[in-house]
Amino acid sequence: MTDPTKPVRITRYQSGPGSSSPLGSLLLAFQDLWTHREMTWILFCRDLKATFRGSLLGYVWLFLPPLATTVVWIILNRSRVVAFSDPDIPYPLFVLVGTILWSSFNRAAVLPLQIFQLSKPVFSKLKIPLGAFLAVAPLRALFDSVLYILVASAVFIYYGASLQTTLALVPLAVATSVLLGFAVALLLLPLSALYADVQQGLVLFFSVAIYLAPVVYPPPKTGAFAEFMAWNPVTPVILSTRDWVFHGQPSGIPDVLLVAGGAVLVIGLMLSGMRTAMPHLTARMGM
Amino acid sequence: MPVSTDDDVLVDCRHLGKRFCRDLKRSLFYGVQDIIHDFMGWQPVGTPKDAQQGSRPSLRPHEFWAVEDISFQVRRGQCLGLIGKNGAGKTTILKMLSGLIKPDHGQVELRGRVGGLIALGAGFNPLLTGRENVYVNGSILGMSRKQIEAKFDAIEAFADIGEFIDAPVQSYSSGMQVRLGFAVAAVVTKPDVLLLDEVLAVGDMGFTMKCLNAVREMAADSAVIFVSHNMQWISTFCTDVMVMRNGRVHTHTANIGEGIGAYMECFDTPVSVTGSGQAVVEVAVIRPRGSTAASSAPGVEIQQGDHAELHLNAMIDSSCLPVTLTLYVLDQGLNPVMCFPNVPHEWRQAADSGRHQSQTCIQLGRLELNGGRYSIVAQFQEVRTSKYPARVQGLAPFTIKADKLYWGPMIRHLDGDPTHPLPPA
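Not measured: the values here are computed from a predicted model.

Before going further, it helps to examine the nonpolar core. Ranked by size, the top nonpolar core spans 82 residues in total, and within it Trp102(A), Phe116(A), Phe133(A), Leu186(A), Met278(A), Leu281(A) and Ile140(B) carry the most contacts. When residues of this core are assigned to their parent elements, the largest contribution, 18 residues, is made by helix α4 (residues 91-123) of chain A. Setting aside chain neighbours within four positions, we find Ile140(B) in contact with Met39(A), Leu43(A), Val122(A), Leu126(A), Ile128(A), Phe133(A), Ala122(B) and Gly123(B).

So, in structure tokens, the structure goes:
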């Protein structure tokens, strides 16, 4: 069975710290993602099929949440419940851009923790690439965002919004939101694996945090809150995207790229960190 | 630094140790501590400051060594049986071997591919069909879609669940789920080091035999570590046995019978008395016939197929007489494997009137029992009323010594083996 010409793979597990360099393990983490891309895809398809196979409406459910949100904002706008004045942008469209990006971010931040919890029995028994399992989350968040955008485009046409060439930049904004969410999730993952507080806290956080970003209203110009919002990494993504969509101005691209780059770095660091932390987590999760 | 230069040693464990903590909150905190230490490149918490590389860390409060100073090697073609009571550390060792958890002391070295029949059906989603789940499970086990496609027919044939392959897994019986999971693992896994954790107890007997053959095929050219509580499997499969006790090696031997014997001794046989209490067993000693040893220590050993005798002293209220005495031999799992009805015995008036006494040496004949640990039940029954003055369980625990365990409560060698002469007709 063993080919004598092939070098035998020797695996060693020992006590004490590992010996790989930070950069080496960072690259290894990304390489791991790439090697196991097929597995990520298979798991993504599994979850997608499973979610809708057990339901009567099936894939219709994919479109219902964005549709519902959109309808709510249209109604609120019609009945003048929300006060908002910008002659250029119909309010529902303004909110739609914000919520699409926000929900991409939100999904990508919450899903990895859920996937981790659900897959604990597998992690505890099989040595499998954690990254490949978690990568299903950003993929799913991206997929949901695309559907959301499809629904939103109908609304755009309905309101007769003009098509800007800078619309082509929207995928960059969506991808950045997803990366940012995934980075946040990975930052929380080690603690979330040990303490149930994290997941509970995250739900609470997101229900409040939507108002800490310019999702449903424009950012204030002055004050401490304006200062805070400026530092929120989601802010430049949303503001730039509105410019791209409504004004045809390619503004804020460096900021968005900076956020995306930072998120990718954090993702790499955390994935490589999880490779170190995983044996300890498995031992303590006691499964 | 190569630990071993011998190419055939596929598993090499040196001074393996793992600390666990009984207190949950503290355990989680220690986990955070360990992760930080590992990130920073520091030695594990509790390592003495002036110590050399590889010295053992101390325990933190509420910690204990779940596995302590375990060293062993497994060569290609060997199968090491890991046995011990629950919580002895067997699974912890397996988890360290598969790299799921990190040793706190010592090291493991593995040569070649490591695989196991663990977590059968990992990743199965109940709503997906068996066919779809095969791809998911195979992918988790490290196969590409193409490889799974190539082996799909073999998997389907092995699982042998017919048209259910295209039905959602939630409509499967639990046995069918396991069959499918096992089929994927068995067809996909081609390891040099094979880890098995209680996997053979799946499906019906026909499937178990199929599994057994598959495992044998896999094991033929690899180093196997086999965890089971079923001593028959251990005896059938293993070339070596390691008995674990409280995280340490209790016995490590190539003599399977001896190893299993050591495992059996980990359990004590509690005496329990039922019945009206009008009879009392005062002494019960079993020993090989003709043996002069007087002790009734739990270490009584009888060679398989040897004659044995039971010394039984009992007291009974005279009003109960006449009574019958029935003896049973119970195995480790308290299943009766042998019965001696109407054992001849005599009662004599005891010194205090109103009670009778019996001192009998009962010839039990050949004990052609499977290797293992046994105990005796003595049951008295009144002839007139059918009432039970006493039923005493857990008497005279003894071990049947055998080199091998077989599948059956009674073992009789018919091949003229001089060490096991045929009993006279």
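Residues and elements named next belong to chain B. With omega at 0 degrees, the peptide bond leading from Leu321 into Pro322 counts as cis. Position of Pro322 among the secondary structure elements: in the loop between β13 (307-317) and β14 (323-330). Phi is positive for His62, close to 70 degrees, though the residue is something other than glycine. Of note, His62 is situated in the loop between α1 (24-40) and β2 (63-75). Even without being glycine, Asp160 reaches a positive phi, approximately 55 degrees. When you line up the elements, Asp160 lands in the loop between α4 (145-159) and α5 (174-188).

What the rule picks out here adds up to 2 cavities of 30 Å³ or more. Estimates place the volume of the largest cavity at around 100 Å³. Gly16(A), His280(A), Pro44(B), Lys102(B) and Asp104(B) are the residues nearest the centre of the largest cavity, which is lined by 14 residues in total. With 3 residues, α1(B) is the largest single contributor of residues to the lining of the largest cavity. Across the lining of the largest cavity, the residue classes tally to 4 nonpolar, 5 polar and 5 charged.

Next up on the list: the packing of aromatic side chains. Residues and elements named next belong to chain B. Summed over the entire model, instances satisfying the criterion amount to 21 aromatic pairs over all chains. The interplanar angle of 80 degrees and the centroid separation of 5.9 Å between the aromatic rings of Phe182 and Phe207 together place this pair among those described as edge-to-face. Of this pair, Phe182 sits in helix α5 while Phe207 sits in helix α6 (residues 205-219); the two residues are 25 residues apart in sequence, bridging distant segments of the chain. Side by side, Phe182 and Phe207 carry an identical accessibility label, which is buried. With a centroid separation of 4.9 Å and 70 degrees between ring planes, the pair formed by Trp233 and Trp407 is classed as edge-to-face. Linking Trp233 in helix α7 (residues 231-237) with Trp407 in the segment after β19 (390-401), this pair joins segments that are 174 residues apart in sequence. Since its relative accessible area comes to 7%, Trp233 is described here as buried. Seen from the ring of Tyr30, Arg60 lies directly overhead, with NZ or CZ sitting 4.3 Å from the centre. Lys85 extends its terminal NZ or CZ atom over the ring of Phe267, reaching a point 5.7 Å from the ring centre.

Scoring rules and cut-offs
- Residues numbered from 1 in each chain as written.
- Chains lettered and ligands numbered in written order.
- Predicted model: local features only at pLDDT ≥ 70, side-chain atom pairs only at ≥ 80, totals over all residues.
- Heavy atoms only, no water.
- Core = buried A, V, L, I, M, F, W, Y, C linked by side-chain atoms within 4.5 Å.
- Buried < 20%, exposed > 50% of the residue type's maximum accessible area, 1.4 Å probe, protein only.
- Helix = DSSP H or I, 4+ residues; strand = E, 2+ residues; numbered from the N terminus.
- Contact = heavy atoms within 4.5 Å.
- 1 Å grid on protein atoms, 1.4 Å probe; cavity = no way out; pocket = protein on both sides within 12 Å on 5 of 7 lines; lining within 4 Å.
- Points joined across faces, edges and corners; volume = space filled by probe spheres on them.
- Nonpolar A, V, L, I, M, F, W, Y, C, P; charged D, E, K, R; others polar.
- Phe/Tyr/Trp six-rings, centres within 6.5 Å; stacked < 30°, edge-to-face > 60°.
- Lys NZ or Arg CZ within 6 Å of the ring centre and 35° of its normal.

The values are spatial; any link to function lies outside them.
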